[in-house]
Amino acid sequence: KAGVTQTPRYLIKTRGQQVTLSCSPISGHRSVSWYQQTPGQGLQFLFEYFSETQRNKGNFPGRFSGRQFSNSRSEMNVSTLELGDSALYLCASSVDSAKAFFGQGTRLTVV
Amino acid sequence: AQTVTQSQPEMSVQEAETVTLSCTYDTSESDYYLFWYKQPPSRQMILVIRQEAYKQQNATENRFSVNFQKAAKSFSLKISDSQLGDAAMYFCAYKAGTYKYIFGTGTRLKVLA
């Protein structure tokens with residue numbers, strides 16, 4: 001079985017721009033979660049989608065949004081990028097809530 | 001609110017020796033899962049071991065085992081016969097039901113040859 005695939009792996013954007021990150025879960029997994037990882041804040045939960053519905057949401061501003069498609073693939077969008085949005089963004093998929101499998105992440109650098 | 005605490009920012013172990021990484025958590029839930037994830041320099045988070053709170057028996061996966069003390073809310077990871085490939089960041093995580101995962105701040109493990 002293919003693992004969780006995140007694209008792109010690396011991204012450089014300018015302040016004020018917007019960005020879309022993609023996550024393809026393991027086949028059969030309906031839950032997709034997104035995390036932001038930074039050296040200072042560690043792993044912070046962004047949101048979780050299950051069967052195209054947002055099930056949980058973390059404490060991030062409205063500039064961070066996401067969605068999930070009928071094939072369970074998920075996208076995360078960040079608008080009006082700020083320098084502080086530079087981070088590793090990790091996606092995880094799971095069949096149930098009890099075991100998540102992570103992708104390799106997208107390294108976003110905002111300049 | 002649920003919290004996960006890893007009090008050891010960094011640990012070192014000699015190759016072939018045993019090391020224990022500590023994790024404590026706080027929750028009012030009775031049914032939940034605890035995990036240890038490994039993040040090597042490649043950045044991909046890899047599930048090392050999982051423990052269901054309702055199970056009294058400690059989980060074991062090859063050289064990795066946990067010491068789960070539910071009353072004390074403690075969940076430590078023991079790595080036996082440490083190998084160079086075990087060097088990584090280790091994160092303790094908690095999850096209850098459909099709620100989000102909560103991660104600790106991580107422990108960097110160095111394995112000395």
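Here, the structure is the one placed above.
Summary of the structure given here. (Residues numbered from 1 in each chain as written. Chains lettered and ligands numbered in written order. Predicted model: local features only at pLDDT ≥ 70, side-chain atom pairs only at ≥ 80, totals over all residues. Heavy atoms only, no water.)

1. Considering the nonpolar core
Residues B:Tyr25, B:Tyr32, B:Trp36, B:Phe75, B:Leu77, B:Tyr90 and B:Tyr94 are the most contacted members of the largest nonpolar core, which totals 27 residues. Elements that contribute at least two residues to this core include exactly strand E3 (19-21), strand E5 (33-39), strand E6 (46-52), strand E8 (64-69), strand E9 (74-79), strand E10 (88-95) and strand E12 (107-112) of chain B. Ignoring any residue separated from it by four or fewer positions in sequence, one finds B:Tyr94 in contact with B:Gln2, B:Val4, B:Tyr25, B:Thr27, B:Glu29, B:Tyr32, B:Tyr33, B:Leu34, B:Lys100, B:Tyr101 and B:Ile102. In terms of nonpolar packing, the next biggest core, distinct from the first, is built from 21 residues, A:Cys23, A:Val32, A:Leu46 and A:Phe60 among them. (Core = buried A, V, L, I, M, F, W, Y, C linked by side-chain atoms within 4.5 Å. Buried < 20%, exposed > 50% of the residue type's maximum accessible area, 1.4 Å probe, protein only. Helix = DSSP H or I, 4+ residues; strand = E, 2+ residues; numbered from the N terminus. Contact = heavy atoms within 4.5 Å.)

2. A short note on the interface of chain B and chain A
Residue-level contacts link 18 residues of chain B with 20 residues of chain A. Buried surface at the junction of chain B and chain A, summed over both partners, amounts to about 1,800 Å²; 53% is from carbon and sulfur atoms. Counting across the chain B and chain A interface gives 0 salt bridges. For the interface between chain B and chain A, the tally reads 6 residue pairs in polar contact (both at pLDDT 80 or more). Of all the secondary-structure elements, those providing two or more residues to the side of chain B that touches chain A are E5, E6 and E10 of chain B. Per-element tally for the side of chain B that touches chain A: the top contributor is E5(B), with 4 residues. Residue composition of the side of chain B that touches chain A, grouped by class: 9 nonpolar, 5 polar and 4 charged. (Buried area = accessible area lost by both parts, 1.4 Å probe. Salt bridge = Lys/Arg side-chain N within 4 Å of Asp/Glu carboxyl O. Polar contact = N/O pair within 3.5 Å; in protein donor to acceptor, adjacent residues only side chain to side chain. Nonpolar A, V, L, I, M, F, W, Y, C, P; charged D, E, K, R; others polar.)

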